[in-house]
Amino acid sequence: MPSLLLHAADPQWRPACPGSLREALQELGLIAAGSASEEPAEFLVGAQFLQLVTFLGCSPHVVLDPDDPEQGQTACCVRLLNYPEINFVSARPEPAVRCANCRAPAEPSGPHRSDESYRCEQCGKESGLTDLDWRQGAGFARCFIEIVGIHPHEAVPSDKLLNTLRAVSGCGWKYFYA
Ligand SMILES: [Zn+2]
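The paragraphs below set out a description of the structure included in this document.

Conventions adopted
Residues numbered from 1 in each chain as written. Predicted model: local features only at pLDDT ≥ 70, side-chain atom pairs only at ≥ 80, totals over all residues. Heavy atoms only, no water. Helix = DSSP H or I, 4+ residues; strand = E, 2+ residues; numbered from the N terminus. Rg over C-alpha atoms; globule rule 2.2 N^0.38 Å. Buried < 20%, exposed > 50% of the residue type's maximum accessible area, 1.4 Å probe, protein only. Contact = heavy atoms within 4.5 Å. Areas by Shrake-Rupley, 256 points an atom, 1.4 Å probe, with all protein chains shown as cover. Donors = N, O, S within 2.8 Å, 3.2 Å for Na, K, Ca; no water. Tetrahedral: all angles 85-135°; square planar, octahedral: opposite > 155°, others 65-115°. Axes fitted to C-alpha atoms, helices over the stretch in contact; angles between N-to-C directions. Parallel < 35°, antiparallel > 145°, perpendicular 65-115°, else oblique. Left-handed = near helix turned anticlockwise from the far one by under 90°. Nonpolar A, V, L, I, M, F, W, Y, C, P; charged D, E, K, R; others polar. Core = buried A, V, L, I, M, F, W, Y, C linked by side-chain atoms within 4.5 Å. Salt bridge = Lys/Arg side-chain N within 4 Å of Asp/Glu carboxyl O. Pairing = 2+ DSSP bridges.

**Focus on the overall build of the protein**
Counting its regular elements, the protein contains three helices and nine strands. Start at the N end of the protein and walk to the C end: the helices and strands fall as β-α-β-α-β-β-β-β-β-β-α-β. Taken against the 2.2 N^0.38 rule, which gives 16 Å for 178 residues, the C-alpha radius of gyration of the protein at 17 Å falls within 12% of a compact globule. Considering the protein as a whole, with its 178 residues, one finds that 46% of them fall into the buried category. The contacts in the protein between residues at least 6 apart in sequence include a share of 68% that link residues at least 24 apart. Accessible surface, the protein: about 9700 Å² in total, of which carbon and sulfur atoms supply 47%.

Right, here's the structure in full:
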């Protein structure tokens, strides 16, 4: 299933205590209370979901009720993904990444690690892999909020959701599709 993934701009960030992000998202209404499964924690969407995730099309084919999916569709759910180290999550195939400075195509080799750097062949600027333009198709983080069932560019997080995440984490948040 395609997903919208959100993560803190600081790839090292993770919740100070394990339940704090879940509690904040429950209070906000992104996820329903008491619907968690085992790791990875998976939740039903909460009552405010459609106020927190903005669908861009005029008639989004979004399914929220897991008991009432249309044929061939799966209901949206939310997963909280936590990793002990910074993890690279990407769309398949990987996005055509670009230098954030000059927009030239970048070709970082090998497994993508957040502490690696890349020197642009076009403009010569050296930047961390996390600072390349991944075209909203990949990200580095220890903690991701995955909203399952959203196709690329079908929906975006609302300002209210992003502001809440900023308040929880003390830094801005990014999002991508995978
Ligand atoms: Zn460049």
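**With respect to the coordination of the zinc ion**
In the first shell of the zinc ion, the protein supplies Cys-99 (SG), Cys-102 (SG), Cys-120 (SG) and Cys-123 (SG), at 2.3 Å from the metal. If you look at the zinc ion, its four donor atoms make angles of 104 to 112° with each other, and the shape they trace is tetrahedral. Read in sequence order, the donor residues coordinating the zinc ion give the pattern C-x2-C-x17-C-x2-C. Taken together, the residues span a long stretch of sequence, with Cys-99 in the loop between β4 (77-90) and β5 (117-119) and Cys-120 in the loop between β5 and β6 (126-128) at a distance of 21 residues. Of the two residues, Cys-99 and Cys-120, neither departs from the other in class, the shared state being buried.

**Re the packing of helix α1 (residues 20-28) against helix α3 (residues 159-169)**
Helix packing for two helices is described by the angle between their axes and how far apart those axes are. Contact geometry for α1 and α3: axes closest at 11 Å, N-to-C directions at 150°. The orientation of α1 with respect to α3, classified from their angle, is roughly antiparallel. Relative to α3, α1 is oriented so that their crossing is right-handed. Residues Leu-21, Ala-24, Leu-25 and Leu-28 of α1 form the contact with α3, whose own contacting residues are Lys-160, Leu-161, Thr-164, Leu-165 and Val-168. For the contact of α1 with α3, a count of residues per class yields seven nonpolar, one polar and one charged.

**Points about the nonpolar core**
Core analysis: the biggest nonpolar cluster contains 31 residues, and Leu-6, Leu-25, Leu-30, Val-53 and Ile-145 have the highest contact counts within it. Filtering out sequence-adjacent residues up to four positions away, Leu-25 remains in contact with Leu-30, Ile-31, Leu-80, Ile-145, Leu-161 and Leu-165. Val-97, Ala-104, Leu-132 and Phe-140 belong to the second largest nonpolar core, which has 12 residues in total.

**Some details on the pattern of salt bridges**
Applying the stated criterion across every chain, the model contains five salt bridges. Where Arg-79 meets Glu-42, a salt bridge forms, and the shortest distance between an N and an O atom there is 2.8 Å. One end of the pair, Arg-79, is in strand β4; the other, Glu-42, is in strand β2 (residues 41-44), and 37 residues separate them in sequence. Residue Arg-79 is classed as partly exposed on the basis of its relative accessible area of 25%.

**Structural notes on the pairing of strand β7 (residues 138-148)**
Taken across its 11 residues, β7 has 11 buried, putting it largely inside the fold. Sheet topology note: the strand β1 (residues 3-8)/β7 ladder contains five bridges and is antiparallel. Bridge pairing in β7 places Ser-3 opposite Val-148. When β4 meets β7, the two strands line up antiparallel, connected through 10 bridges. Its bridge partner lying in β7, Leu-80 is registered against Ile-145.

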